[in-house]
Structure formats: C-alpha cells, structure tokens
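Architecture and fold: a report
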Amino acid sequence: MAARLFTLLLLTSLAFGLVARTLNLDAKPYWLDESYTLLRSSGHTAAEASKELWLGQVIPVAALLRYQHPSPHDGGPAGTIAGLAREEPQLPPLYFLLARKWQQWFGASKPSVRSLSVIGSLLAFPSLYWLCRE
C-alpha cells in the first residue's frame, strides 16, 4: 500500500513538474543565458553583436533578431564552433550545434527553441532512474 502511494505521489509530482516546465513557453521573455545560447548557436560572437547593438540608442527588432537566428550568411556550423573557440572555449560545441539544427528544423519561435531544453530535461529522468538502478 505504501509503495503504491509513493508511486502515485512520484508520478503526480512528475506530471506537475512537466506542466510547470512547459506552460507558457512563449510568454516568458528570454533569460540572459538563453540569449547567449541563441547568439552562439547562430554563429555570431558577443564582440560582433555588441559592436552593432550597443550604440546608446533604441535597437530595431530586426537588428536584434539577426543575432538570434541562424542564417545562410553566418558561417554555418563552422562559424558556431569558431565563435565558441574564440570567446567561450570552455563550452562544448555539441549543444550549440544541436540548437542550431533544431532551429533550422523546427523554426526559431520561443516555444520551438525552448522545446529542445524541455526534451533534454525530460530525458534526465529516465537517465537518472537507469543510473540509480546500476
């Protein structure tokens, strides 16, 4: 009886966490680290972006979005790796390359971009379970 209650409580908390994690993905503004992830995955560097964006005036949306979405003129995956190697060599490029491909496949809307992280966090639960079983 106690094991069933514990299992029910665990599944309920997982379901609540899933709902809380996926609710209003498009309504929340980007966090700073999400903005840097978009910058890095699009193949741009912070120096390049700040040269155009930090002019002490209002930034047009199109100018900002240029640094948050992959384009054919940003150097491709090699540009992503080169930008990381120049400014953030401690960060492994796999996630940024995956985020770049994800945006190309599913679009660059907020829910689409954030769904990669949601899927990754959901895959952590079975991975943790498997690790504990070992």
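Residues numbered from 1 in each chain as written. Predicted model: local features only at pLDDT ≥ 70, side-chain atom pairs only at ≥ 80, totals over all residues. Heavy atoms only, no water.

Quick look at the side chain of glutamine 68
Keep this limit in mind: Each helix is a run of H or I in the DSSP string that is no shorter than four residues. Each strand is a run of E no shorter than two, and both are numbered from the N terminus. Partly exposed describes any residue whose relative accessible area lies between the buried limit of under 20% and the exposed limit of over 50%, with all areas from a 1.4 Å probe on protein chains only and scaled to the type maximum. We call two residues contacting when some pair of their heavy atoms lies within 4.5 Å.
Here glutamine 68 lies in the loop between α4 (61-65) and α5 (76-87). Among the residues examined, glutamine 68 registers a relative accessible area of 9% and is labelled buried. If sequence neighbours within four positions are ignored, glutamine 68 has contacts with Tyr30, Ser35, Leu38, Ser42 and Gln103.

Things to note about the packing of aromatic side chains
Convention followed: Pairing of aromatic rings covers Phe, Tyr and Trp, the last through its six-membered ring, and needs centres within 6.5 Å; plane angles under 30 degrees mean stacked, over 60 mean edge-to-face, and all others mean tilted.
Considering all chains together, one arrives at 2 aromatic pairs under this definition. Ring geometry for tyrosine 95 against phenylalanine 96: centres 5.9 Å apart, planes inclined by 80°, an arrangement best described as edge-to-face. Accessibility expressed as a relative area gives 36% for tyrosine 95, which makes it partly exposed.

Observations regarding helix α2 (residues 32-41)
One turn of an α-helix holds 3.6 residues; hence residues three or four places apart share an orientation. For α2, the full list of buried residues reads Leu38, Leu39, Arg40 and Ser41. Buried residues along α2 sit against α3 (46-53), α5, α6 (94-106) and α7 (110-133). Directly beyond the C-terminal end of α2, a positive phi value near 90° is found at glycine 43.

Observations regarding the environment of proline 126
Mapped onto the secondary structure, proline 126 falls in helix α7. Between the C-alpha atoms of proline 126 and leucine 5, which are 121 residues apart in sequence, the distance is 20 Å.

Regarding α6
We apply this condition: In a helix, the anticipated span is given by 1.5 Å times the number of residues less one. For this quantity, the arc is that covered by the directions from the helix axis to the C-beta atoms.
Here α6 contains 13 residues, and its C-alpha end-to-end distance of 18 Å stays within 8% of the 18 Å for a straight helix at 1.5 Å per residue. All of the buried residues along α6 are Phe96, Ala99, Arg100, Trp102 and Gln103. Relative to the axis of α6, the buried residues are bounded by an arc of 160° and lie together on one face. Across α6 from its buried face, at more than 90 degrees, point the exposed residues Leu94 and Trp105. Close packing links the buried residues of α6 with α2, α5 and α7. Looking one or two residues beyond α6, the residue adopting positive phi is glycine 107, at roughly 95°.

Structural notes on the nonpolar core
Quick reminder of the rule: In plain words, nonpolar cores are sets of buried Ala, Val, Leu, Ile, Met, Phe, Trp, Tyr and Cys residues tied together by side-chain atoms within 4.5 Å.
Judged by nonpolar contacts, Leu39, Ala49, Leu53, Ala63 and Tyr67 together constitute the single largest core of 5 residues. Aside from chain neighbours lying at most four places away, what touches leucine 53 is Ile59, Ala63, Leu64 and Tyr67.

With respect to the confidence of the model for the protein
We apply this condition: In predicted models, pLDDT denotes the confidence assigned by the predictor to each residue on a 0 to 100 scale.
Averaged over every residue, the pLDDT of the protein is 84; residues scoring 70 or more account for 99%. By mean pLDDT, α4 is the weakest element of the protein at 78, and α6 is the strongest at 90.

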